[in-house]
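Observations on the model geometry
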Amino acid sequence: MLNRKTALAWILVVCLALAGCGAQTPTDAASQSEDISAEHTESNPSSAEESLFDTAEAAEPSPEESLSDPEPELTAPQDVVIPDPELTVEEVAAMEAGSVLPQERLPQELDDFFYAEALSDSVFQRMNGTSYRDGCPVSPEELRYVRVLHRGFDGETHIGELVCNKSIAEDVVSIFRQLYEADYPIEKMLLVDEYGGDDELSMEDNNTSCFNYRPVSGTSTLSRHAYGLALDINPLYNPYITSHGFEPANAGDYVDRSKDTPYQITSEDACYRLMDERGFAWGGWWHNVKDYQHFEK
């Protein structure tokens, strides 16, 4: 049996041991708290998501705040200018002679706008009984309808037309193509039928023309125009002058060739030069009369 002192000693040892097992340091306590928190998160994953959702909701403005925000500025769209398409040969062919073509719609290549073709039924109907009448020395098959572009006195591009003999059609097309390139001014170029076949009216209106079944003025001799082998260019400014007077009747201001008048054809003129190169004789060189508008083959 233990004595009293020995028993007290054993009791003290047991108490100290038990006290050592139950004590925790501050570090141990924090670690234990983190472990518990982690365990709680793993066991309740929605709690973390709910926390983030709550934060996002808190950042969104209230309806009142949204209404008070300024409206964003709306920028008006800039006007886009789409250019008109280039003119086609078919479009121009459908237009009346004398029409003005918009420069911005003309294509770079214009050769197809200068051509000669056999007389169509519609063209011959315009001529028949007017510039073309019974007794004409050439048949309709020997004539060609010519369509070209020319620079008007207004500086614009006009559609021109005339009828000529098929033997000179290629020359005529080429000459007017080059005159257009040179910006040579020709005021009008319509079939003489637009004037009822009256050469005087056509000249008074400064109309450039070719075929017209008629005699030389004041004679019974057929003019070269009756064969479609002569052209009159800007006739008002380049009159036909004889010892008895001049034609057209309104060309008085342009009879004196020593004056510096506009649109005057001279031997230095581009029209004269091109006609001469193609073998056309100029009426300005004639002796008994002077026909400054006239070129014939």
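As the structure is a computational prediction, the values presented were derived from the model and not from experiment.

**Some details on the sheet that holds strand β7 (residues 245-247)**
Pairing is antiparallel across the open sheet formed by three strands, whose spatial order is β7-β6-β9. At either end of the open sheet lies a strand with only one pairing partner, and these are β7 and β9 (290-291). Sheet topology places strand β6 (residues 240-242) next to β7; three bridges connect them, and they run antiparallel. What sits directly across from Thr242, in β7, is Gly245.

**Let's talk about the nonpolar core**
The biggest cluster of nonpolar side chains holds 38 residues, and the ones touching the most others in it are Leu162, Phe176, Leu231 and Phe295. Here the element with the most residues in this core is helix α7 (residues 169-181); it accounts for seven residues. Residues within four places of Phe176 in sequence aside, it is in contact with Phe114, Val148, Leu149, Leu162, Ile186, Met189, Thr208, Leu231 and Ile233.

**Side note on the pattern of salt bridges**
Using the criterion set out here, one finds 11 salt bridges in the structure. In this structure, Arg151 and Asp183 form a salt bridge, with 3.0 Å as the shortest nitrogen-oxygen distance. Taken together, the residues span a long stretch of sequence, with Arg151 in strand β3 (residues 143-151) and Asp183 in the loop between α7 and α8 (199-204) at a distance of 32 residues. Salt-bridge contacts for Arg214 lead to Asp199; the nearest nitrogen and oxygen are separated by 3.5 Å. Taken together, the positions of Arg214 in the loop between α8 and β5 (230-232) and Asp199 in helix α8 put the pair 15 residues apart, joining distant regions of the chain. In this structure, Arg214 and Asp199 share a single accessibility class: buried. Connected via shared salt-bridge partners are Asp111, Arg177 and Glu181.

**Brief notes about empty space enclosed by the protein**
To find leftover empty space, a probe the size of one water molecule is rolled over the atoms. Applying the stated rule across the entire model yields two cavities of 30 Å³ or more. Put simply, the largest cavity is a space of about 60 Å³. If you go around the largest cavity, the residues you meet are Val89, Val92, Ala93, Asp112, Phe113, Tyr115, Arg147, Val148, Leu149 and Ile159. When residues of the lining of the largest cavity are traced back to their parent elements, those giving at least two are α5 (89-93) and β3. Each residue belonging to the lining of the largest cavity can be placed in one class, and the counts come to eight nonpolar, no polar and two charged. Across the lining of the second largest cavity, the residue classes break down as three nonpolar, three polar and three charged.

**Quick word on the packing of aromatic side chains**
Applying the stated rule across the entire model yields 12 aromatic pairs. Ring geometry for Phe153 versus Tyr263: centroids 3.7 Å apart, planes at 10°, classification stacked. In this pair, Phe153 is assigned in the loop between β3 and β4 (157-165) and Tyr263 in the loop between β7 and α9 (270-277), connecting sequence segments 110 residues apart. The exposure class of Tyr263 is partly exposed, given its relative accessible area of 29%. Ring plane angle 80° and centroid distance 6.2 Å describe the contact between Tyr272 and Trp285, whose orientation is recorded as edge-to-face. Taken as a pair, Tyr272 in helix α9 and Trp285 in the loop between β8 (281-282) and β9 lie far apart in primary sequence, 13 residues in all. A relative accessible area of 13% places Tyr272 in the buried class. On the accessibility criterion, Trp285 (47% relative accessible area) is partly exposed. A connected cluster of aromatic rings, assembled from ring pairs, spans Tyr272, Trp282, Trp285, Tyr292 and Phe295.

**Things to note about the side chain of Asn234**
Relative to the elements of secondary structure, Asn234 occurs in the loop between β5 and β6. Looking at Asn234, its side chain comes within polar contact range of the main-chain oxygen of Pro185, at 3.0 Å. Residues in contact with Asn234, not counting those within four places in the same chain, are Phe153, Tyr184, Pro185, Ile186, Glu187, Asn206, Thr208 and Tyr263.

**Let's talk about α7**
In a regular helix each residue adds 1.5 Å, so 13 residues correspond to 18 Å; α7 covers 19 Å between its end C-alpha atoms and thus fits that length. Among the 13 residues of α7, 10 are classified as buried, and the element is accordingly described as predominantly covered. Inspection of α7 places Ala169, Asp171, Val172, Val173, Ser174, Ile175, Phe176, Arg177, Leu179 and Tyr180 among the buried residues, and these make up the whole buried set. Next to the buried residues of α7 lie β2 (115-118), β3, β4, β5 and α9. Phi for Asp183, located one or two positions after α7, is positive at around 60°.

The rules behind each value
- Residues numbered from 1 in each chain as written.
- Predicted model: local features only at pLDDT ≥ 70, side-chain atom pairs only at ≥ 80, totals over all residues.
- Heavy atoms only, no water.
- Pairing = 2+ DSSP bridges.
- Helix = DSSP H or I, 4+ residues; strand = E, 2+ residues; numbered from the N terminus.
- Core = buried A, V, L, I, M, F, W, Y, C linked by side-chain atoms within 4.5 Å.
- Buried < 20%, exposed > 50% of the residue type's maximum accessible area, 1.4 Å probe, protein only.
- Contact = heavy atoms within 4.5 Å.
- Salt bridge = Lys/Arg side-chain N within 4 Å of Asp/Glu carboxyl O.
- 1 Å grid on protein atoms, 1.4 Å probe; cavity = no way out; pocket = protein on both sides within 12 Å on 5 of 7 lines; lining within 4 Å.
- Points joined across faces, edges and corners; volume = space filled by probe spheres on them.
- Nonpolar A, V, L, I, M, F, W, Y, C, P; charged D, E, K, R; others polar.
- Phe/Tyr/Trp six-rings, centres within 6.5 Å; stacked < 30°, edge-to-face > 60°.
- Polar contact = N/O pair within 3.5 Å; in protein donor to acceptor, adjacent residues only side chain to side chain.
- Expected span 1.5 Å × (residues − 1).

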